[in-house]
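Here are the chains, one letter per residue:
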Amino acid sequence: MDETERIATSPSSKGRETSEFLMRIVRTLSHSADFEQREKEKARIDKAYKQSDKKLGELVTAHYEDLTKVTQDFSRMSKCINDSRERITKIREDLSSCKTLLHCKRDELRRLWIEGVEHKAMVALLDQVELIKEVPVKLDNFIISKHYLHATDLLVNAVAKLEKPLAGIDALRDLKAELIARNEQLHETLIEELNKQIYAAVPDQSVSLKRSSSYRRGSNLTKQLSDPECKQTKPTELLKPPEMMDLNKEIKEDLNGNPEENPAHFIAVLVEALFVLRKIPDSAEGIKSKIEPELSAIVARTSQQVVDSYAQQGESLSSQNQPRFLLELLENVFHQFRNVARMHKIVLRNLQRIIVSGVPVRNELLYDMNDVWSKIQAVLELVLREYLDVQTSSRQRAPTSFDEPSTDINSYFSKKKPTKSKKISLFRFDASIHAMSTNSYVDDNMTFDTGNLFHVNLLSEVGLGKHQMEMCKPSVNNITAIFMPLEAFIKEVEDAVACQDGTSSLQSFVTEFIQNIFLGQVHATVSSSIAAATKVDEEDGSFDALRHVVDHKTQKDLGVTRPLLTSTVTVDRNIRKLQELMQSLPTYGDQFLNMICNILKEYRDTCNSAYRGIVQIESDEKRVISATWAKDEDISRFLRSLPSWRSLQMSERQDLSKKLCSEEEIRTLNSKEALILISNLSSEAIIPQQEIITDVTQMRTIANVHESLEWFAGRLRQFCELLSARSPNSMNSIELSTREYPPVSDKSLESLKMLVKDFQDLAEICLLLLHLEVRVHCFYFLLPVAKQSNYAGPIDDLDPDSNVLKLNKDLSAMEEMLVQSLQPQKFKYIFESLGFLVSSILMSSIQYLKKINENGIKKMCRNLFAIQQNLTNITMARETDLDHARQYYELLYMNPDDVLSLIVEKGPDYSYTEYVSLFQLYQKSHPHIKPANLDTLLHKLEEVMNKTQNGSST
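Everything numeric in this text was worked out from a predicted model, so none of it was measured.

Helix and strand counts for the protein come out as 35 helices and zero strands. Relative to its 954 residues, the protein shows a buried fraction of 43%. Sequence-distant contacts in the protein: of pairs separated by 6 or more residues, those separated by 24 or more amount to 78%. When the accessible area of the protein is evaluated, it comes to approximately 53800 Å², of which 52% is carbon and sulfur surface.

Here it is, written out as structure tokens:
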């Protein structure tokens, strides 16, 4: 649509068209000279008029009601307009007359207006005065309901009005002074309420003191842990992390709600109220100064709850000496300190919010979380100093190093000269009143340090006595019960605080305490315990360590059937304590393992020294025969290869299903053992008495050493396996029934394994020594039987040889001692195959007999029978090898030809050499047989033996 069309469509354009149309018609009619043309134009206009009139009539008919209504409305509006015109005209006239009158009374009106303004101002001041008078009552109501933000706003606004708009009203001076004082009181109230929110309430009802016997009092105890005035418990679900707080969010206070329902919001309200009071720097300083006293009060309150909950009536906890009470105290204190730190973080977050909002507050006037954690560590350090007895223990000198032995236990076993009796003083002044008062004064001055000052202040604050505050007896050993949770809490502190050297002050204190005091005390305690168990008898210089064994009750508790050395059990108990310390203080596992290794080295040297004291001949370096052979590598290797030794090892492993070898093979190996012993001992004339152990109690001692060290080595081996499972390079996965041991260095572990091997080797050497010593005793008593006794006497002596009787007595005495000290399979190993050795000794001794007759043959048979009876009583088995030896000597009843016939008939029962020795003795005992005949007999013997051997082989 163009511009002309837009104009035509508008109402004004339609009016112009209509008027232009009429003017055009008038011009046409007036200027037209032709009548007909005018008539035509007239007719056309009439026709258009009629059409328009007709259309108008139709429209009026169709819209009659609307037209009527419009007409009526137009009339009413026209009337109203006329009335308004008349009133306006009248108003104009009235205003004109008023103007004239006002000009006449201008001064009077001005005076009245000024008076009205003054009265209005007075009314406003009176209203403010009425409101100010109500401020104290409203303020009390807000404080009672703990709507501190409204109270602060009300008070600040009231003081501001009294200082400026209402400053000139003398009647409000007292009220102004009162409100200014209330301002300071409100500041103190806000600080107290803020400290109450930080320290006084318990964050979670589920956290309570753990009890074993009084668990039913848990709910009451949890309620008592909170401040008595604080009835609301903080729900932890309402405590959002401080980092999630919106710093730009406006703090509002709901008058219809409970302000303490949301602790975080309540703290924000309190901080905002302090900001409104313009007390942020003072408040921060006040909060900071209250941290340590409030933390000390938490410790005091929690200590009181433990005392009330656990102490029996009329008995203090310190008399029970149970560190678990201290552990429970610290666990609850740790939990409350964590909550305190959380609350401080919320406070600091709100202070940061105020700083972010643009309020000029100097940061150095505030505090931070490092200050909070520093105070927490300081309070905990004071508590630990009290219960770890640092004050007393620090006076004791600790070893400078624990990787090397600080004391030489061997000094306890060295032979000492008899000590001279000390001179006894007739009297002393130590117990005099003057000396006691002087010593007491000195002790008091020495012990008065910050720790005692803290304890005295703490006790005076809660009104308790020192004996009531002690959860357990102060001792350095209390660290074992609290170390793990303490380290966990220290880790939390170090994660929360950026330490310059990576170590917190509390960690430094604990580390210094353990390294400088605790480890030294443990080492001293263990050393003194072992020294008491391994002391030397001053009268004869003998080793009490190898003389005393544990009682039957201890044997039963340990699950052993044979006596163990008291010294070994004592060392084992101390090792167990150190193992427990490795579990309780895993951070110092290597130090404790080094201490274990050092103790084991010293005890190993002690056992070796004691062993040498038994087997060494007086002051000479020479040892008894059995000890020399037991240390000989070739003999020791051979003895360990024998079935009896291997079966012994299998029985210890409870693997009895495997049979090592046949009876014939066992007999062959036993004969080899006997031949080795005979070849080494029978060539000598007589074994010197100093080269055997004549005191059977010494053999019992060696048996006790063997059993003790083998038991000890087994327990140490289990410990090694557990440590190997925890070693970083180990692929084993051994399940531990108790707490796991910490990983240790491979060097220390290898050192421990070597020590275990040394103990096991010494135990095995002791057993081999007993095995050989019994056999050396047989040589000692049986070699003189053939070399010194007469077997060609005319009288038939009915008694066995005296040396045989001595051997039986000696064997019985050894059996009586060893059966009580050795386990059955080891006792069997000592006396097993002893009959074969005795028969071999007596059969090989035939070469030393000069002559023998029937009486001598009977005597030798009686010797064999007496030994056989004794060995049967010892081994509970018939020694058939002695029957074999007796039958050998009974061949002397026969002449050589009969013996050769018997060999041809039944085969040889003995070796060629044994038959040769038999024929030679027969020739010496019967002088009528010439040497030439002996050679003939020996030649026949050789032929018969070869023939029988060839026949048996075919």
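All told, the structure shown has 16 aromatic pairs when counted by the stated rule. Both rings, one in Phe-334 and one in Phe-489, keep their centres 4.4 Å apart while their planes meet at 5°; by these two values the pair is stacked. In this pair, Phe-334 sits in helix 11 (residues 323-356) while Phe-489 sits in helix 17 (residues 479-496), placing the two residues 155 residues apart along the sequence. Phe-334 sits in the buried class, given a relative accessible area of 3%. On the basis of relative accessibility, which here comes to 0%, the residue Phe-489 falls in the buried class. Between Tyr-910 and Tyr-915, the aromatic rings sit 5.9 Å apart at their centres with planes inclined by 80°, giving edge-to-face as the arrangement. Overall, Tyr-910 belongs to the buried group, its relative accessible area being 7%.

Positionally, Arg-562 belongs in the loop between helix 19 (552-558) and helix 20 (566-584). In this structure the side chain of Arg-562 is engaged in a polar contact, spanning 2.5 Å, whose partner is the backbone oxygen of Leu-822.

All right, on to the nonpolar core then. Residues Phe-337, Ile-514, Phe-518, Leu-782 and Phe-831 are the most contacted members of the largest nonpolar core, which totals 225 residues. The element best represented in this core is helix 27 (residues 746-787), accounting for 24 residues. In this view, Phe-518 contacts Val-476, Asn-477, Ile-479, Thr-480, Phe-513, Leu-581, Leu-585 and Phe-592; residues no more than four positions away in its chain are not counted. Residues Leu-149, Ala-268, Val-269 and Val-276 belong to the second largest nonpolar core, which totals five residues.

The subject of this paragraph is the packing of helix 7 (residues 173-200) against helix 10 (residues 280-310). Look at helix 7 against helix 10: their axes get within 10 Å of each other, and the N-to-C directions meet at 40°. Taken as axis vectors, helix 7 and helix 10 run oblique relative to one another. The crossing of helix 7 and helix 10 is right-handed. Facing His-187, Ile-191, Leu-194, Asn-195, Tyr-199 and Ala-200 of helix 7, the residues of helix 10 in contact are Asp-282, Ser-283, Ile-287, Lys-290, Ile-291, Glu-294, Leu-295, Ile-298 and Arg-301. Of the residues in the contact of helix 7 with helix 10, the class split is eight nonpolar, three polar and four charged.

At their nearest, the axes of helix 23 (residues 633-641) and helix 27 sit 12 Å apart, and the two run at 85° to each other. Taken together, helix 23 and helix 27 sit at an angle that is classed as roughly perpendicular. Packed against helix 23, whose contacting residues are Ser-636, Leu-639 and Arg-640, the element helix 27 presents Glu-764, Ile-765, Leu-768, His-771 and Leu-772 at the interface.

Right, let's get into the pattern of salt bridges. For the structure shown, the criterion picks out 29 salt bridges. Across the salt bridge formed by Arg-324 and Glu-328, the nearest N and O atoms sit 3.6 Å from each other. On the criterion of helical spacing, the pair formed by Arg-324 and Glu-328 is a turn pair, its members being four residues apart in helix 11. On the basis of relative accessible area, Arg-324 is assigned to the partly exposed category, the value being 30%. Residue classification places Glu-328 among the buried positions, given a relative accessible area of 9%. For the salt bridge of Arg-886 with Asp-883, the shortest nitrogen-to-oxygen distance reads 2.8 Å. Pair noted here: Arg-886 and Asp-883 are both in helix 32 (residues 880-890), with a separation of three residues, about one helical turn. Neither Arg-886 nor Asp-883 differs from the other in exposure class; each is buried. Residues joined in a network through salt bridges with shared partners are Arg-878, Asp-883, Arg-886 and Glu-890.

Turning next to a nonpolar patch on the surface. Taken together, the side chains of Leu-56, Val-60, Tyr-64 and Leu-67 present a nonpolar region at the surface, about 380 Å² in accessible area. Counting residues per element, the ones that place at least two in the nonpolar patch are helix 3 (35-62) and helix 4 (64-104). Residue placement: Leu-56 occurs in helix 3.

Relative to the helices and strands, Ile-291 is located in helix 10. We classify Ile-291 as buried; its relative accessible area is 0%. Residues Ile-291 and Tyr-199, 92 residues apart in the sequence, show an inter-C-alpha distance of 9.0 Å. Once residues lying within four places of it in the same chain are set aside, the contact partners of Ile-291 are Tyr-199, His-344, Val-372 and Lys-375.

Here the protein shows a mean pLDDT of 78. Residues at 70 or above account for 77%. Note on residues 203-239: pLDDT is under 50 here. Beyond four places in sequence and across chains, it has 75 contacts.

Turning next to the side chain of Glu-381. On the secondary structure map, Glu-381 appears in helix 12 (residues 369-387). Look past the residues within four positions of Glu-381 in its chain and what remains in contact with it is Leu-506 and Phe-509.

On to the state of the cysteines. For the structure on display, the rule yields zero disulfides. Residue Cys-597 stays outside any disulfide, its sulfur separated by 8.3 Å from that of Cys-720, the closest cysteine. Free cysteine: Cys-766, not disulfide-bonded; nearest cysteine sulfur from Cys-607 at 8.6 Å.

Even without being glycine, Arg-278 reaches a positive phi, approximately 60°. Of note, Arg-278 is situated in the loop between helix 9 (263-276) and helix 10. Even without being glycine, Ser-833 reaches a positive phi, approximately 60°. Mapped onto the elements of the fold, Ser-833 is located in the loop between helix 29 (824-831) and helix 30 (834-844).

The rules behind each value
Counting from 1, residues in each chain are numbered in the order their sequence is written. pLDDT decides what is reported in this predicted model: residues at 70 or higher carry local features, side-chain atom pairs at 80 or more are listed and counted, and totals for whole chains, interfaces and linings draw on all residues regardless. Side-chain numbers here rest on the full set of heavy atoms in the structure, without hydrogens or water. Numbering of helices and strands runs from the N terminus; a helix is a DSSP stretch of H or I covering at least four residues, while a strand is a stretch of E covering at least two. The classification of residues rests on relative accessible area computed with a 1.4 Å probe and restricted to protein chains. Under 20% of the type maximum is buried, over 50% is exposed, and intermediate values are partly exposed. We call two residues contacting when some pair of their heavy atoms lies within 4.5 Å. Note on areas: Shrake-Rupley with a 1.4 Å probe; residue coverage comes only from the protein chains shown. Between 30 and 60 degrees the pair is tilted, below 30 it is stacked and above 60 it is edge-to-face, where a pair is any two Phe, Tyr or Trp rings, Trp via its six-membered ring, whose centres lie within 6.5 Å. Polar contact is defined as a pair of N or O atoms within 3.5 Å, subject to the rule that within protein one atom must be able to donate a hydrogen and the other to accept it, and that residues adjacent in sequence are counted only when both atoms are side-chain atoms. What is meant by a nonpolar core is a set of buried Ala, Val, Leu, Ile, Met, Phe, Trp, Tyr and Cys residues, joined one to another through side-chain atoms within 4.5 Å. Whenever a helix is involved, its axis is fitted only over the stretch in contact; in every case the axis is a line through C-alpha atoms, and angles between N-to-C directions fall within 0 to 180 degrees. Roughly parallel means an angle under 35 degrees; roughly antiparallel means over 145; roughly perpendicular covers 65 to 115; every other angle is labelled oblique. Left-handed describes a crossing whose near helix is turned anticlockwise from the far helix through less than a right angle; right-handed describes the clockwise counterpart. Only Asp, Glu, Lys and Arg are considered charged in this grouping, and only Ala, Val, Leu, Ile, Met, Phe, Trp, Tyr, Cys and Pro are considered nonpolar; every other residue, Gly among them, is considered polar. Within this document, salt bridges are pairs made up of a side-chain nitrogen of Lys or Arg and a carboxyl oxygen of Asp or Glu, the two lying within 4 Å of each other. Patches were defined on residues exceeding 30% relative accessible area and lacking a salt bridge, with like-charge contacts within 9 Å and nonpolar side-chain contacts (Val, Leu, Ile, Met, Phe, Trp, Tyr) within 5 Å. pLDDT expresses how confident the predictor is about each individual residue, on a scale running from 0 to 100. Here, two cysteine sulfur atoms that lie within 2.5 Å of each other are counted as a disulfide.

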